[in-house]
Each structure stands twice: as C-alpha cells, then as structure tokens.
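Spelled out, the chains give:
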Amino acid sequence: MAAMKKIVTWLSVSLIVLSTLACQLTSNLPNLFNLEPTQVPTAKPVSVPTLTNNQPLISGSPDLINLQDTLTSIYQRVSPAVVYILIVSETGGASGSGFVISASGDVVTNYHVVEGATQIEVDFNNGFKTRAEVIGTDLDSDIAVLRVQELPEDIIPLSFGNSDAVQPGQVVVAIGNPFGLTGTMTLGIVSAKGRTLDSLRTSDGANYFTAGDIIQTDAAINPGNSGGPLLDSAGRLIGINTAIYSPSGASAGIGFAVPVDTVNRVVPQLIKGGKYIRPALGIEVD
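What follows is about the overall build of the chain. Looking only at helices and strands, the chain features five helices and twelve strands. Looking at the chain as a whole, 34% of its 286 residues qualify as buried. Pairs at least 24 residues apart make up 60% of the contacts formed inside the chain by residues separated by at least 6 positions.

The alternating pattern of strand β3 (residues 106-109) places Asp 106 and Val 108 on one face and Val 107 and Thr 109 on the opposite face, and all of these are buried. Of the strand pairs in this sheet, strand β2 (residues 92-100) and β3 are connected by two bridges, and their pairing is antiparallel. Looking at β3, one finds that Phe 99 is bridged to Val 108. With antiparallel pairing between neighbouring strands as the criterion, β2 and β3 make up a hairpin whose turn holds five residues, including Gly 105 at a positive phi of roughly 95°.

For residues other than glycine, phi is negative in most cases, and the peptide bonds are mostly trans. The residue Asp 142 is not glycine, and still its phi comes out positive at about 55°. Asp 142 gets classed as buried once you look at its relative accessible area, which sits at 8%. Unusually for a residue other than glycine, Phe 179 sits at a positive phi of about 55°. Positionally, Phe 179 belongs in the loop between β7 (171-176) and β8 (184-202). A residue is classified by how much of its surface remains accessible, and Phe 179, at 55% relative accessible area, is exposed.

The next subject is the sheet that holds strand β6 (residues 143-148). Reading around the circumference, β1-β2-β3-β6-β5-β4 is the order of the six strands in this closed barrel, with antiparallel pairing throughout. Taken over all neighbouring pairs, the strand axes of this sheet differ in orientation by 40° on average, direction set aside.

The next subject is the pattern of salt bridges. A full pass over the atoms with the stated rule returns three salt bridges. Between Arg 147 and Asp 106 there is a salt bridge, and its shortest N-O distance comes to 2.8 Å. Here the residue Arg 147 occupies a position in strand β6, and Asp 106 occupies one in strand β3, the gap between them amounting to 41 residues. The exposure class of Arg 147 is partly exposed, given its relative accessible area of 31%. Residue Asp 106 is classed as buried on the basis of its relative accessible area, which comes to 5%. Between Arg 236 and Asp 232 there is a salt bridge whose closest N-O contact spans 2.9 Å. What makes Asp 232 buried here is its relative accessible area of 5%.

With that settled, consider the pairing of β6. Looking down a regular strand, the side chains alternate between one sheet face and the other. Within β6, five of the six residues are buried, which leaves the element mostly enclosed by the surrounding structure. Direction of pairing for β3 relative to β6: antiparallel, over a ladder of four bridges. Residue pairing for β6: Thr 109 is matched across the bridge by Ala 144. As judged from the six bridges shared by strand β5 (residues 129-138) and β6, these two strands associate in the antiparallel manner. Each residue of the ladder has a partner; that of Ala 132, found in β6, is Val 148. The loop that links β5 with its antiparallel partner β6 comprises four residues; one of these, Asp 142, has a positive phi angle of about 55°.

With that out of the way, let us pick up the environment of Ile 143. Looking at the element boundaries, Ile 143 is found in strand β6. For Ile 143, a relative accessible area of 0% puts it in the buried group. Expressed as a C-alpha distance, the spacing of Ile 143 and His 112, which sit 31 residues apart in the sequence, is 8.1 Å.

Thresholds, definitions, all that
Residues numbered from 1 in each chain as written. Predicted model: local features only at pLDDT ≥ 70, side-chain atom pairs only at ≥ 80, totals over all residues. Heavy atoms only, no water. Helix = DSSP H or I, 4+ residues; strand = E, 2+ residues; numbered from the N terminus. Buried < 20%, exposed > 50% of the residue type's maximum accessible area, 1.4 Å probe, protein only. Contact = heavy atoms within 4.5 Å. Pairing = 2+ DSSP bridges. Axes fitted to C-alpha atoms, helices over the stretch in contact; angles between N-to-C directions. Salt bridge = Lys/Arg side-chain N within 4 Å of Asp/Glu carboxyl O.

Below, the structure is given as structure tokens:
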C-alpha cells in the first residue's frame, strides 16, 4: 500500500509539471517562430488586367507587336489594288492575280494568266467587277498589261520599290488569290536572288529563251497567286509572283518573282506600243 501511494503521488506531481510546461509553451509560441501575433502574413490581391476594344490580344516583345501592326497596315493599304482575274478562252477558263499601277486603269499580271483569253473579268476586293482587255504582252518576262473599263473609287495604285536593293533574308509579303481564295496574304523572306527561269518564248530551234534576275522567296505561293505582287516591308512592289517549284503542284516553300526593275523597263513599252523590244546580238554562220 505504501508503494502504491508513492506511485500515485509521483504521477500527480508529473501531471502538474507537464501542465505547467504546456501553458508556458503555448504562451510563447509566437516568439518561437520569431513572429508577433500581428505579423502573420496575409495573401496579396491579384491584379487582373482588362482589355479594351482597341487593345491587341497579342502579348510579347515590342518588335512582335510592331511587325503585326506593319503587316496589318500593308494589307489594308495594298489589298484594294490587288485584283482577281478570271478569263475565258477557247480551251476553257482560268484565273490568277494582278494589281493596279495607274489611275488610268492599267493592271499588271503574268502573260500566262491571260494567254489565249477571249474574255477577261477583273474583280476587286470590294465586290466591284469590270471587263478588261490586253494592251501589251512580253513572253520573256511573262508580263502582261490589261486595261479595265472602269476603276472603283479610292483605289490607290501600288508604289514601286527597287529590286536591285533586295537582299536574301529580307522580309516580304505576297498578296493574291491562291486556289480562288481572294485577298490572301502570306509572309516570308527573300530566299535568294539572281535565279534564272525559262521564258515562254522559243527560238526557231525550239530552244527556250531565259529570264534572269528572278527573286526566290519562301512566302507561300500557290496556283492563283500568279500575277500578284511581292512586297517589301514598306508595302512597295519588288516583284510579280510568277512560278513555283513543287513536285506536288502546291507550295513547297520555293517561289519565284519577276523583279520590279524588269517591270519598270518592260511595262512602259507595253503600255505605249503593246510589246517590248529587246536589243539583240546575233551571229549568222554561212
């Protein structure tokens, strides 16, 4: 009995000591974490940005936003002067692209777009349609000039750049009507300069003449883009989209454009006299 009383007494004392320590620990808990009760951190509110109607959804570097604004501006300014050309010929119909170069209604396109045409319709992106006639062609450069019967109001002819100053790596834009999808814009770079293509003219021996100084681009060009403009980053004409290299018949990232410096030489003569006369040096052997 004496032993039992000692154990009970020891347990009672131990419980009193533990209770006292627990109370002290609880009262000093904030100090253990070096925090006063008023220093407990609170969550900060998250600021959610709101977009106005005019604010672009794109976010990123200023250069990316500037490029977007530049491309949008080019399209808005140039696309009204880019036309959809539909032809009727004895062998059927075809279509392509072209662009207005004067307030007189002169439209430039590829010769192969209007080759053999008996009727030509020119459609503008605002829905205006009119007839046109061919006033000049050049097979070597694959250029034709049409004259439309009427121009819609507020059409601004394309401004011309300088293809001699064009360099590989330069950003370019193509606008045209691939597969009849009117007003299509594609983006790329100048891939190379100084390419050579066979012209549409042959010698008496059935050998093709060639067209030089052709611009190569990776901007997507497909059937229906022929005759449309290739533009620099200022929206100036630097070439006429004329051909692609493609095993499948669709864009493989290799397109070709007649340089604007050739257009500057050829088109005025086509407007004036219907053809371009080239100087030639020949050798005749008896």
